[in-house]
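This is what each chain is made of:
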Amino acid sequence: ERCWSDTGVNIYGNQDYDYLLNLIAEKGKECGVSISEYITHLRLEEAAWFLSSSSLSLIEISSVLGFGTSNYFSTVFKKRYGVSPKVYRERYKTEI
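Residues numbered from 1 in each chain as written. Predicted model: local features only at pLDDT ≥ 70, side-chain atom pairs only at ≥ 80, totals over all residues. Heavy atoms only, no water.

A. Broad picture of the packing of aromatic side chains. Tallied over the full model, the rule gives eight aromatic pairs. Ring geometry for F67 against F73: centres 5.2 Å apart, planes inclined by 50°, an arrangement best described as tilted. You can call F73 buried: its relative accessible area is 0%. A centroid spacing of 5.3 Å and a plane angle of 80° characterise the contact between F77 and Y88, whose relative ring orientation is edge-to-face. Separated by 11 residues along the polypeptide, F77 in helix α5 (residues 70-81) and Y88 in helix α6 (residues 85-92) bring together distant segments of the chain. Y88 carries the same exposure label as F77, and that label is buried. Feature note: the residues F67, Y72, F73, F77, Y81, Y88 and Y92 constitute an aromatic cluster, connected by ring pairs. One cation-aromatic arrangement involves R80 over Y81; the distance from NZ or CZ to the ring centre is 4.8 Å. (Phe/Tyr/Trp six-rings, centres within 6.5 Å; stacked < 30°, edge-to-face > 60°. Buried < 20%, exposed > 50% of the residue type's maximum accessible area, 1.4 Å probe, protein only. Helix = DSSP H or I, 4+ residues; strand = E, 2+ residues; numbered from the N terminus. Lys NZ or Arg CZ within 6 Å of the ring centre and 35° of its normal.)

Quick look at the structure:
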């Protein structure tokens, strides 16, 4: 869990694709997961933030984060957090 606590990866505003990919690969290796698994982890962290801090719909969140469909997003999210995105939002929603 320590490995996930501070990713140190800022995907926003970073225009150097090779640098970003290498950074993600290094962090994934540190955590013992593939690049794909690490990227999914980052996307789910963003999803949790959107659910608690925005009024975006589940469809919008899944689209913005590249999950393809909201059903797939919900399945992956529930596997990671143990609750559906809807329940997560109800528990952790902050005033906007």
